[in-house]
There are 2 protein chains.
Amino acid sequence: MALYVQKYGGTSVGTIERIEAVADKVKSFHDAGHQMVVAVSAMSGETNRLIGLAKGISETPDPREMDVLVSTGEQVTIALLSMALKKRGINARSYTGWQVGIKTDSSYMKARIEDIDTSSMRAQLDAGGVVIVAGFQGIDDDNNITTLGRGGSDTTGVALAAALKADECQIYTDVDGVYTTDPRVVPAARRMEKVTFEEMLEMASLGSKVLQIRSVEFAGKYKVPLRVLSSFKEGNGTLITMEENSSVENPVISGIAFNRDEAKLTVKGVPDIPGVASRILVPVSEANIEVDMIVQNVSEDGTTDFTFTVNRSEYQKALGLLKTIGEEINAREVTGTDDICKVSMVGVGMRSHAGVASKMFKVLADENINIQAITTSEIKISVVIAEKYLELAVRALHTAFGLDAEATEE
Amino acid sequence: MALYVQKYGGTSVGTIERIEAVADKVKSFHDAGHQMVVAVSAMSGETNRLIGLAKGISETPDPREMDVLVSTGEQVTIALLSMALKKRGINARSYTGWQVGIKTDSSYMKARIEDIDTSSMRAQLDAGGVVIVAGFQGIDDDNNITTLGRGGSDTTGVALAAALKADECQIYTDVDGVYTTDPRVVPAARRMEKVTFEEMLEMASLGSKVLQIRSVEFAGKYKVPLRVLSSFKEGNGTLITMEENSSVENPVISGIAFNRDEAKLTVKGVPDIPGVASRILVPVSEANIEVDMIVQNVSEDGTTDFTFTVNRSEYQKALGLLKTIGEEINAREVTGTDDICKVSMVGVGMRSHAGVASKMFKVLADENINIQAITTSEIKISVVIAEKYLELAVRALHTAFGLDAEATEE
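Residues numbered from 1 in each chain as written. Chains lettered and ligands numbered in written order. Predicted model: local features only at pLDDT ≥ 70, side-chain atom pairs only at ≥ 80, totals over all residues. Heavy atoms only, no water.

Here is the rule: UniProt positions are given in the numbering used here, feature names are shortened, and annotations may be inferred rather than shown by experiment.
Looking up chain A in an unreviewed UniProt entry gives the name Aspartokinase, with the organism given as Thalassolituus marinus. As stated in UniProt under Catalytic activity (unreviewed entry), the record for chain A gives "L-aspartate + ATP = 4-phospho-L-aspartate + ADP". Checking UniProt for chain A, the heading Sequence similarities (unreviewed entry) contains the comment "Belongs to the aspartokinase family."

Written out as structure tokens, the structure is:
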């Protein structure tokens, strides 16, 4: 008998029929003798409907009242799911954030969980009951309703699992696991049985939008085994686990992430003097433009080239800003392009294997793909290439590094 | 400077535009220096939408979860109204039932308010703020969410006014007051400036659906001056007040209520022995058929006739049941009709004026309207007549008793 925390996202509870299907699934776990705690999101579309009402009143609605408003979405789902379980003869009970005692700080719309009182959940579980918790919400010390920000229901699930020391936190979503890369780009992409928290963090931040990144950090911090599964398809999903638990047969590369949503800017011929990087980047960040990769080439003639990438939607704004900055710091030239993409190979196995980068560059060179910028971390290598080569690059790398389904691992 | 509790119903907050209009109204009271507590219903249609979701799962959804579900409707409104007031520069703050401390018993879907903690509201008012409270909801001693049953937002308004010792409880709705009778039937019907609690109770139970009856009882019990006004039209509405405060110029009759939704059943030739009334009525009530008027004629030949009225929708069910009962108690005949209606004259002035009944009967006789049954209470006389005479009877009585607009009171 295990204690499972399951989390179902908005698509999984998007209609009455789907809520009934979730009830069937929860019942089958309960009937098998497991203790069940279930966190749910708002029915898909509901949060947007509520935000639409608020925007009808103000473009910048009061944040405290925004949380009062949107937290109703999950409250609707917990009531409906509990009804569906009761209909099946199961002693289910719904809990809002304040009822279950999810204490957060007071940062409306992006609150962080500080503490969870498990006593009421324990009592319900000990009585043979099922606990249904509203995801995404909590209360602060002054009994104000708070929300964790979009996607925060994943974090609720993980936090409940950590507080209850659950055997596993299962995140049900509309994909059946984490893949070695996007199957729409590489048909041979393979579902991973396991992936480490570190790898998952690198993947998530690079656009594999399976799990909310904060929930993965949280699970890693509290050592909660995390599993991603499909609500709609049977299967084991992907287990996200501590590196220590991974077997030595780990492949060098676990997956390949990519992001089309980037633009690249370069300031050329910048005087190579201390403080010049901050003179470029501080105004950019003050303009609320988020910077992703940052690459500074080796200086040769007393000047250096400074390259960074931003979200493509901010390209024009960033370019205009940089031209002004370029003049101020006597840069030779400011250039940019928004037809690039970023491809990243991720794997904890990389740490102990030399030559991953050189092999990656050779694979791309063999396809005549020019690399415009490179950054590396301990478990990740990212390159910027022209967007038109994205599919070709990802497929070639996927095959070369033995990730294709049915392929032998290198 | 006064302390007002205002309550706005579902139609008054049915759209964003209407919520903005409510915010304007609340602001004008606040700007005039009054302390404002505002209770609101769910946006019109929202409660039915939520009930529809529940019915999609079960015809008899779990009552605890039903309250978790439907209480979200008012929570949405308090957030939106608070946003609209904040936008107008007013320090407004929303409170759900549990946040404001509305304690109820544990009767889900029809809970009764037991206690209200006014400390948080007082603090907000003392800080110059406006208090926005979700109507219709509370919590029980175990922190379960409860609702007061349909229309319960009126009760919330009155209970808040009683707890805060407010100067007046103002119920904003889609009519501009309580009328002497339905203006659709009698164009000359007049808005009453004042009506007593007792009269209002008799009117409400007879189908003048302006105020939820429980809220009127509550206001009477706690001596809360209650005013009904329109959200959409300027005016003083109708003040519902203690009889003691009414002037001696009170008319004999305050208003005429009527109800088409009735059917009449008669058991003829019932042996006039003790216990026979209960032998007829107990099975009817056990079948969950609600009985309205009950009339037993004087016995003459050792048998009596027993007449009562039920809701028209239950007529066939009641008739079938009565035929069985009739045989068991050896009644001569069971008859019934569903083309009747009930007309009631209400007024506290009746107590000290003889002859109201005889005048009423004469007015009806002059119009050749046959009276099929009569019941009276201290401040009310009701008659059953054929439904086709309803308009004629109400208009004739309205004129004869001096209720027409511009008419001199008799």
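1. What to know about the overall build of chain A
Applied cut-off: Under the DSSP-based scheme used, a helix requires at least four consecutive residues in state H or I and a strand at least two consecutive residues in state E, with every element numbered from the N terminus. Throughout, the radius of gyration refers to the C-alpha atoms, and the reference size of a globule is 2.2 Å times the residue count to the power 0.38. Exposure classes here rest on a 1.4 Å probe applied to the protein chains alone. A residue is buried below 20% of its type maximum, exposed above 50%, and partly exposed in between. Contacts were defined at the residue level, with two residues in contact if any of their heavy atoms lie within 4.5 Å. Only the protein chains shown count as cover for residues, with accessible areas throughout obtained via the Shrake-Rupley method and a probe of 1.4 Å. We count Lys and Arg on the positive side and Asp and Glu on the negative side, and we leave His and both chain ends out. To locate a charge, the coordinates of NZ of Lys, CZ of Arg, CG of Asp or CD of Glu are taken.
Along the backbone of chain A there are 12 helices and 18 strands. For 410 residues, the compact-globule formula gives about 22 Å, and the C-alpha radius of gyration of chain A, at 24 Å, lands near that figure. Taking all 410 residues of chain A together, the buried fraction comes to 57%. For chain A, the proportion of contacts with a sequence separation of at least 24, taken over those separated by at least 6, is 74%. Accessible surface computed for chain A: about 17,100 Å², of which carbon and sulfur atoms make up 48%. Taken as two groups, the 42 positive and 57 negative side-chain charges of chain A have centres that lie 4 Å from each other.

2. Describing the relation of the copies chain A and chain B
Rules: Least-squares superposition of the copies uses the C-alpha atoms of those residues scoring a pLDDT of at least 70 in each of them.
The transform that puts chain A on chain B rotates by 180° and translates by 0.1 Å along the axis, for an RMSD of 0.1 Å. A rotation of that kind, with that shift, is consistent with a two-fold axis. It is threonine 72 of chain A whose C-alpha, among those of chain A, lies nearest the rotation axis, at 2.6 Å. Mapped onto chain B, 100% of the interface residues of chain A again fall at the interface, so both copies present the same surface.

3. A closer look at the sheet that holds strand β10 (residues 194–196) of chain A
Across a sheet, strands are paired by hydrogen bonds formed along the backbone, either parallel or antiparallel in direction. Residues and elements named next belong to chain A. Let me state the cut-off plainly: We call two strands paired when DSSP finds no fewer than two bridges between them. Fitted lines through C-alpha atoms serve as axes, helices being fitted only where they are in contact, and the angles separating the N-to-C directions of these axes extend from 0 to 180 degrees.
Ordered in space as β3-β6-β2-β1-β9-β11-β12-β10, the 8 strands form an open sheet in which the pairing is mixed. At either end of the open sheet lies a strand with only one pairing partner, and these are β3 (92–95) and β10. In this sheet, neighbouring strand axes are inclined to one another by 20° on average, regardless of whether the strands run parallel or antiparallel. Across the sheet, helix α1 (residues 16–31) is in contact with β1 (3–8), β2 (35–40), β6 (130–134), β9 (168–173) and β11 (226–230); its angle to β1 comes to roughly 175°.

4. A closer look at the interface of chain A and chain B
Put simply, the rule is: Using a 1.4 Å probe, buried area is obtained as the accessible area two parts lose upon being combined, added over both of them. The rule for a salt bridge is simple: a side-chain nitrogen of Lys or Arg has to be within 4 Å of a carboxyl oxygen of Asp or Glu. Polar contact is defined as a pair of N or O atoms within 3.5 Å, subject to the rule that within protein one atom must be able to donate a hydrogen and the other to accept it, and that residues adjacent in sequence are counted only when both atoms are side-chain atoms. Charged residues are taken to be Asp, Glu, Lys and Arg, nonpolar residues to be Ala, Val, Leu, Ile, Met, Phe, Trp, Tyr, Cys and Pro, and polar residues to be all remaining types, Gly included.
The interface is formed by 41 residues belonging to chain A together with 41 residues belonging to chain B. Counting the surface lost from both chain A and chain B, the interface buries some 3,300 Å², and carbon and sulfur atoms represent 65% of this. At the junction of chain A and chain B, the tally comes to 4 salt bridges. The partner of aspartate 62 of chain B in a salt bridge is lysine 86 of chain A, and the shortest N-O contact between them spans 3.5 Å. The interface formed by chain A and chain B includes 14 residue pairs in polar contact (both at pLDDT 80 or more). When its residues are assigned to classes, the side of chain A that touches chain B shows 21 nonpolar, 11 polar and 9 charged.

5. What about the sheet that holds strand β13 (residues 255–271) of chain A?
Residues and elements named next belong to chain A. Taken together, the 6 strands give an open sheet; going across it, the order is β14-β15-β13-β16-β18-β17, and neighbouring strands pair in antiparallel fashion. If you trace the sheet from one side to the other, it starts and ends with β14 (291–296) and β17 (373–377), each paired once. Between one strand axis and the next, the sheet turns by 30° as a mean value, whatever way the strands run. In this sheet, strand β16 (residues 333–346) lies alongside β13 in antiparallel orientation, the contact comprising 11 bridges. What sits directly across from lysine 268, in β16, is glutamate 333. Of the strands in this sheet, β13, β14 and β15 (303–311) touch helix α9 (residues 276–286), which is tilted by about 20° from β15. Sitting on the sheet, helix α12 (residues 390–400) is in contact with β13, β16 and β18 (380–386), with an inclination near 120° to β13.

6. What to know about the packing of helix α3 (residues 63–87) of chain A against helix α3 (residues 63–87) of chain B
Inclusion rule: The cut-offs work like this: below 35 degrees is roughly parallel, past 145 is roughly antiparallel, 65 to 115 is roughly perpendicular, and the gaps in between are oblique.
With their axes 8 Å apart at the nearest point, α3 of chain A and α3 of chain B run at an angle of 170° to one another. Taken together, the axes of α3 of chain A and α3 of chain B are roughly antiparallel relative to one another. Here the contact of α3 of chain A with α3 of chain B is composed, by residue class, of 16 nonpolar, 8 polar and 2 charged.

7. Here we look at the environment of threonine 11 of chain A
Residue and element names in this part refer to chain A. Considering the arrangement of structural elements, one finds threonine 11 in the loop between β1 and α1. Judged by its relative accessible area of 32%, threonine 11 is partly exposed. Separated by 190 residues in the primary sequence, threonine 11 and leucine 201 place their C-alpha atoms 23 Å from one another. Residues contacting threonine 11, with those up to four places away along its chain left out, are Arg18, Ser44, Asp174 and Phe232.

8. A short note on the nonpolar core
We count it as follows: Nonpolar cores are built from buried Ala, Val, Leu, Ile, Met, Phe, Trp, Tyr and Cys residues. Side-chain atoms within 4.5 Å join them into one set. A domain assignment, automatic or from a database, supplies the domain bounds used here.
Counting residues in hydrophobic clusters, the biggest one holds 43 residues, and the most contacted among them are Val37, Met121, Leu160, Leu211 and Leu226 of chain B. The biggest single contributor to this core is helix α6 (residues 152–164) of chain B, with 6 residues. Viewed by domain, this core spans two of them, domain 1 (3–174) and domain 2 (256–400) of chain B, each represented by three or more residues. Each residue touching valine 37 of chain B, except ones within four places of it in the same chain, is listed here: Leu3, Tyr4, Val5, Gln6, Met121, Leu125, Val131, Val133, Leu160 and Leu164 of chain B. By size, the runner-up hydrophobic cluster in this structure holds 42 residues, among which are Val37, Tyr95, Ala111 and Leu125 of chain A.

9. Some details on the side chain of glutamate 65 of chain B
Relative to the elements of secondary structure, glutamate 65 of chain B occurs in helix α3. What makes glutamate 65 of chain B buried here is its relative accessible area of 0%. Not counting residues within four places of it along the chain, the set of residues in contact with glutamate 65 of chain B comprises Ile78, Ala79, Ser82, Met83, Ala92, Arg93 and Ser94 of chain A.

10. Considerations on the packing of aromatic side chains
A ring pair, where both rings are aromatic, is described by two values, the distance of the centres and the angle of the planes. Residue and element names in this part refer to chain A. In plain terms, the rule: Put simply, two rings from Phe, Tyr or Trp (the six-membered ring, in Trp's case) pair if the centres are within 6.5 Å, and we call them stacked under 30 degrees between planes, edge-to-face over 60, tilted for the rest. Any Lys NZ or Arg CZ that is within 6 Å of a ring centre and within 35 degrees of that ring's normal is treated as a charge sitting over the ring.
According to the stated counting rule, one finds 9 aromatic pairs over all chains in the structure shown. Ring geometry for tyrosine 4 against phenylalanine 29: centres 5.6 Å apart, planes inclined by 85°, an arrangement best described as edge-to-face. Residue tyrosine 4 is found in strand β1, and its partner phenylalanine 29 is found in helix α1; the two are separated by 25 residues along the sequence. The residue whose ring lies beneath lysine 359 is phenylalanine 401, and the NZ or CZ to ring-centre distance is 4.6 Å.

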